[in-house]
Amino acid sequence: DVAEKEMDNLTFKSDTVLSDVHVHCPNKRHLMVRLNAVGQPVFLSYFKLLWNTDDWASEKYAREATTKREYQYSSGDELCDKDRNNLKNQRELSTEGLEALLDDDGDLEVVRRPRSASDLEAEDLLRDRVYPVILMKGKEDAFEDEEQECTCSDVVKIEHTMATPLEDVGKQVWRAAFLLADYVLFKRDMFRCCTVLELGGGTGITSIIMGTVANRVYCTDIGEDLLAMCEQNVALNKHLMEPGGGEIKVKELDWLKDEFCTDPEAPYSWSEEEIADLHDHCTVIMAADVFYDDDLTDALFRTLYRITHNLKNSCTVFLAIEKRQLNFTIRHMDVTCEAYSHFRNTLNDLENLQDGKMKYNVEPIKPDFCQFLSYERIEQL
């Protein structure tokens, strides 16, 4: 009994971090597909894209049909006698049996409509459900039901972990990655046929979305286990990039080192041709939810300066961030986010940099553009 109570009261260690993306949809089933090299359970989740052109076309047709019907019924001249009689019969049927019923004391008796099966189903959907964690033995069998619920063209499949130590947060999915992916889809013409570099790509979801419109994406991070997961996610979503011919290359890029890893025996290393391609053609750099540690923030901006300094063309850098760790401090006498404040200060330093070689302009982007992925777009983004 004691053991069961301890299992019911799930606790995390002090250094455990859990992404809110996984908490947002508690009823969604996450299937555990394997254990990674360090023994962490790896889950596969489906994230639905809301920009399917067929859906847009059907919605447009439905709106036009509805508008046409409303116009016809509002115009007495175009309404034939048959339609008038149908409307009259419908009104009579809708009011039939709704007269007030009184009991012996004169109190009103409310006649309630019988509950239909659809009502019961709708109520059932509002209840919290608990799904078992399934350890997959065969991919096709385990995901047969999941595949029937979605089509290949409107779903991103992502392998990820949950509740990791701080050093492994890149293995989770974070909200700012969705925000940046939304912006890519919203401004897809801007990124079409570009060569793009993502810093701290993590699970690769933003690079995958970018790969649907860009020519080539270098998705970078560190850690062989993380990069292997990222490469697997790219393979899982290859069908999304095939129509546009986009290519995603998963590479190691350590912000604490001054050079690219070019060791041919090291996994995810760079070839000299790839480095030259990046320097000659890259016009977009992006990073999402990587500003949570001051030392890493400093290292990222040093890497950003070094890479942009070597680019042949001018470049636009897109940075997405979620303010976290909001605390009231005596020093500021206000609610502050230390990591975000350090990020903004470092960004200001970059904009004010005067070395005669580079010039950086910083512009905020209001996050009020269309949402193409299902997540909470909170005000802290």
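You'll find the structure just up there.
Residues numbered from 1 in each chain as written. Predicted model: local features only at pLDDT ≥ 70, side-chain atom pairs only at ≥ 80, totals over all residues. Heavy atoms only, no water.

Turning our eyes to something else, we now look at the overall build of the protein. Across its full length, the protein holds 15 helices and 14 strands. When the 381 residues of the protein are sorted by exposure, 38% land in the buried category. When the accessible surface of the protein is split by element, carbon and sulfur atoms take 50% of a total near 23800 Å². (Helix = DSSP H or I, 4+ residues; strand = E, 2+ residues; numbered from the N terminus. Buried < 20%, exposed > 50% of the residue type's maximum accessible area, 1.4 Å probe, protein only. Areas by Shrake-Rupley, 256 points an atom, 1.4 Å probe, with all protein chains shown as cover.)

The next subject is the sheet that holds strand β10 (residues 247-252). Across the sheet, which stays open at both edges, the five strands sit in the order β10-β9-β8-β11-β12 with parallel pairing between neighbours. Both edges of this open sheet fall to β10 and β12 (316-320), since each of them pairs with a single strand only. Each neighbouring strand pair of the sheet contributes to a mean axis angle of 20°, computed without reference to strand direction. As defined by bridge partners, strand β9 (residues 216-221) adjoins β10 across six bridges and the pair is classed as parallel. If you follow Tyr218 over to β10, its bridge partner there is Lys249. Contacts between helix α13 (residues 272-281) and the sheet are confined to β8 (195-198), β9, β10 and β11 (282-288), with β11 contributing the most and set at about 100° to the helix. (Pairing = 2+ DSSP bridges. Axes fitted to C-alpha atoms, helices over the stretch in contact; angles between N-to-C directions. Contact = heavy atoms within 4.5 Å.)

A word on the environment of Ile307. Mapped onto the fold, Ile307 is located in helix α14 (residues 294-310). Taking the C-alpha atoms as reference points, Ile307 and Leu278, 29 residues apart in sequence, are found 9.2 Å from one another. With sequence-adjacent residues up to four places away left out, Ile307 is seen in contact with Leu197, Leu199, Leu253, Phe260 and Ile285.

So, on to the packing of α14 against helix α15 (residues 338-351). Contact geometry for α14 and α15: axes closest at 10 Å, N-to-C directions at 25°. Classified by the angle between their axes, α14 and α15 sit roughly parallel to one another. In this structure, the crossing between α14 and α15 has a hand that is right-handed. Where α14 approaches α15, its residues Asp294, Thr297, Asp298, Phe301 and Leu304 are matched on the opposing element by Glu338, Ala339, His342, Phe343, Thr346, Leu347 and Leu350. Here the residues of the contact of α14 with α15 sort into six nonpolar, three polar and three charged. (Parallel < 35°, antiparallel > 145°, perpendicular 65-115°, else oblique. Left-handed = near helix turned anticlockwise from the far one by under 90°. Nonpolar A, V, L, I, M, F, W, Y, C, P; charged D, E, K, R; others polar.)

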